[in-house]
Amino acid sequence: MKKLFLSLTFLAGAFSVLKAQQPVYAENRQMVVPEVEFFVPHWFATAQAGAAYNVGEDKFLNLISPHAQLGLGYQFNPYWGARLSLSGWQCRNRYAYPEVKYKWYYVQPTLEAMLNVTNLVCGWDVERPVDAYAFAGLGLGVEFDNSEAEKADQRFDIDFQKLWHDNRLNPVVRAGIGADYRLTENIAIGAEVNANMLPDHWNSKRGRNDNRDWQFNALLGVKFTLGKTHGKTTPLYEVNRVVEQPANDTGAFTYVEMPVDKISFNVNVYFDINTSYIRDDQVSKLTALVNYLREHPKAYVRLSGFADKDTGTPAINMRLSNERSQNVAQYLWEQGISEQRIRRFAKGDTVQPFDVPEENRVCICYVYDPDNPDPQAFKY
C-alpha cells in the first residue's frame, strides 16, 4: 500500500513538472474580410384597393369605379421578380344619346414581370426604406353581369354594336409603376398605378376607329414579405498561433509570434435558388480565399457543396450541390490554385449546416494544413 501511494505521488509530481514546462498557446486572429450583407430570394404577398377609370363618354368622376387587387410574387434577385395578381370589381360607362349609364363586373388574373428600378440604378441596399418598381404582364379578363346594358338596349333600342351577354373572356395587357415604403423588415405600404389595354368589346361599344379600350387603376395597399430578405456572411479571419513565455524572473508573460502551424480560413459561398453560378456579390470572398492560398502554399482547401432540402428532390439537390462545388473549384483553378490542393465533395440535402433554409444553398470552403488539420475542417 505504501509503495502504491509513493508511486502515485511521484507520477503526480512528474505530471505537474511537464505541464509547467509546456508553453501556453493562444490564437492571434486577424480579420481578412468583414461580414457582408447579401440578398436572399423570397416570396411576398400584396393586398391593394383603389379606383379604376374606364375611358368612356362621360365626365371623369362618373367613370370612376372601385377596384381591388391581391398578389403573390417571388423576388429572384435584387432586380427581378414575378407576380401573379388577381384584380377586378366593377366598371362604369355611359351611352351618350339616349343617355344611359350602366355598369358591369370583372376579374383579371395576370402574370407580371417586375423590375426593381431603385436597385437597378442605385444598387441593392438592405437599409433603404423606399423601393420603386416597374412591371408588365399578360392576363385574362373575365367579364360578367352586363344586365344593365342589356336592359337599356332592349328598352331604348340602342345599337351598342358590341353588346356582350352572359360571361366574356378576353386578353389583357398590363403595365405600370409603383413604390413601397418599408415599415418593418416584413411589412411595407405602397402605391401603384397601371394601365390595361383591352379588346374593343370591353364596354359593349365600338370606338370611332374600332380602337382598343383602356382602363387605368390607382391603388394603395400593403406588402407582406414572407421569410428573410437578407443575410450576413461570416467574417473571415487569419488565425496565427502565439505562445506565452516568461519575460523575466518576476513571472510576467509576453506574447511571441510562432510559425503558423494551424491554418483556419472559412469561406461560405452562397447561391441563388436552383442555380450553381457564382454570384457577383460572392466573388470578393473567393478572391480573399485565393490570396490566402497563395500566401500559404502548403495549405489545402476542402469544398463541400450543399442544397436546400425545402426545395427540389434529393436527386436534383445532389446534382445541384455537385455543380456548386465544381464551379468553385473551377474558379480556383482559373486563378492558378493547383488541383492537387483542392478536395471537393457534394452533400446534396443530406446535411443542412445552417438553420435558415436559404443559407444551405452554399459551398463551404475550409482551408486546412494536411499535416496538422483542424478537426473542424472535416465537420461537413
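Residues numbered from 1 in each chain as written. Predicted model: local features only at pLDDT ≥ 70, side-chain atom pairs only at ≥ 80, totals over all residues. Heavy atoms only, no water.

J.: Explanation requested: the side chain of threonine 275 in the structure shown.
T.: With respect to the helices and strands, the residue threonine 275 is situated in the loop between β14 (265–270) and α4 (283–295). The class of threonine 275 is buried, set by a relative accessible area of 17%. Apart from the residues lying within four places of it in its own chain, the contact partners of threonine 275 are Leu320 and Arg324. (Helix = DSSP H or I, 4+ residues; strand = E, 2+ residues; numbered from the N terminus. Buried < 20%, exposed > 50% of the residue type's maximum accessible area, 1.4 Å probe, protein only. Contact = heavy atoms within 4.5 Å.)

J.: I would appreciate a short explanation of unusual backbone geometry in the present structure.
T.: Note: most residues except glycine have negative phi, and most peptide bonds are trans. Located in the positive-phi region is tryptophan 89, a residue other than glycine, with phi close to 160 degrees. With respect to the helices and strands, tryptophan 89 occurs in strand β5 (residues 80–95). Residue classification places tryptophan 89 among the partly exposed residues on the basis of a relative accessible area of 46%. Positive phi outside glycine occurs at aspartate 166, with the angle close to 55 degrees. Locating aspartate 166 in the fold gives a position in the loop between α3 (147–156) and β8 (168–182). On the accessibility criterion, aspartate 166 (64% relative accessible area) is exposed.

J.: Before we go on, may I ask you to explain the nonpolar core in this structure?
T.: In this structure, Leu289, Val301, Leu303, Val328, Leu332, Cys365 and Val367 are the most contacted members of the largest nonpolar core, which totals 22 residues. Going through the elements one at a time, β14, α4, β15 (300–305), α5 (314–334) and β17 (362–368) are the ones with two or more residues in this core. The element best represented in this core is α4, accounting for six residues. Judged by nonpolar contacts, the second largest core, of 16 residues, contains Ala52, Tyr106, Val172 and Leu198. (Core = buried A, V, L, I, M, F, W, Y, C linked by side-chain atoms within 4.5 Å.)

J.: Just to check I follow, could you spell out the packing of aromatic side chains for this structure?
T.: Ring pairs (aromatic) are described by centroid distance and by the angle formed between their planes. With the rule as written, the count across this model stands at twelve aromatic pairs. Between phenylalanine 39 and tryptophan 124, the ring centres sit 6.1 Å apart and the planes meet at 90 degrees, which makes this aromatic pair edge-to-face. Residue phenylalanine 39 is found in strand β2 (residues 37–39), and its partner tryptophan 124 is found in the loop between α2 (117–122) and β7 (130–144); the two are separated by 85 residues along the sequence. The class of phenylalanine 39 is buried, set by a relative accessible area of 8%. Plain terms: the ring middles of tryptophan 43 and tyrosine 74 are 4.9 Å apart, the flat faces sit at 65 degrees to each other, and that makes the pair edge-to-face. With tryptophan 43 in strand β3 (residues 42–54) and tyrosine 74 in strand β4 (residues 64–75), this pair connects stretches of sequence that are 31 residues apart. A residue is classified by how much of its surface remains accessible, and tryptophan 43, at 45% relative accessible area, is partly exposed. Ring pairing ties together the aromatic residues Tyr102, Trp104, Tyr106 and Trp202, which thus form one cluster. Cation over ring: arginine 83 sits above phenylalanine 135, and NZ or CZ is 4.9 Å from the ring centre. Cation over ring: lysine 223 sits above phenylalanine 44, and NZ or CZ is 4.6 Å from the ring centre. (Phe/Tyr/Trp six-rings, centres within 6.5 Å; stacked < 30°, edge-to-face > 60°. Lys NZ or Arg CZ within 6 Å of the ring centre and 35° of its normal.)

J.: Explanation requested: the sheet that holds β14 in the structure shown.
T.: Strands in a sheet are paired, the pairing made by backbone hydrogen bonds, and the direction either parallel or antiparallel. Here we have four strands laid out as an open sheet, ordered β14-β17-β15-β16, and mixed in their pairing. Two strands in the sheet have a free side with no partner beyond their single neighbour: β14 and β16 (342–346). Between one strand and the next, the sheet's axes are offset by a mean angle of 15 degrees, whatever the strand orientation. Taken together, the six bridges between β14 and β17 define a ladder with antiparallel strand orientation. Its bridge partner being in β17, valine 267 is matched across the sheet by cysteine 365. The strands touched by α4 within the sheet are β14, β15 and β17, with β14 carrying the most contacts at an inclination of about 150 degrees. The strands touched by α5 within the sheet are β14, β15, β16 and β17, with β16 carrying the most contacts at an inclination of about 165 degrees. (Pairing = 2+ DSSP bridges. Axes fitted to C-alpha atoms, helices over the stretch in contact; angles between N-to-C directions.)

J.: What exactly am I supposed to notice about the state of the cysteines here?
T.: Linking two cysteines covalently through their sulfur atoms gives a disulfide. In this structure the tally under the stated criterion is zero disulfides. Not engaged in a disulfide, the cysteine cysteine 363 finds its nearest cysteine sulfur in cysteine 365; these two sulfurs lie 4.2 Å apart. With a relative accessible area of 0%, cysteine 365 lands in the buried category. (Disulfide = S-S within 2.5 Å.)

J.: Looking at this model, I keep getting lost on the pairing of strand β9 (residues 187–198). Mind explaining?
T.: Looking along a regular strand, one sees side chains alternate from face to face of the sheet. What you see with β9 is a clean split: Ala188, Gly190, Glu192, Asn194, Asn196 and Leu198 sit on the buried side and Ile187, Ile189, Ala191, Val193, Ala195 and Met197 on the side with no burial. Summarising the sheet, β8 and β9 pair through ten bridges and their orientation is antiparallel. Bridged to arginine 182 within β9 is alanine 188. Between the antiparallel neighbours β8 and β9 lie four residues. Relative to strand β10 (residues 213–226), β9 is paired through twelve bridges, and the arrangement is antiparallel. Bridged to isoleucine 189 within β10 is valine 222.

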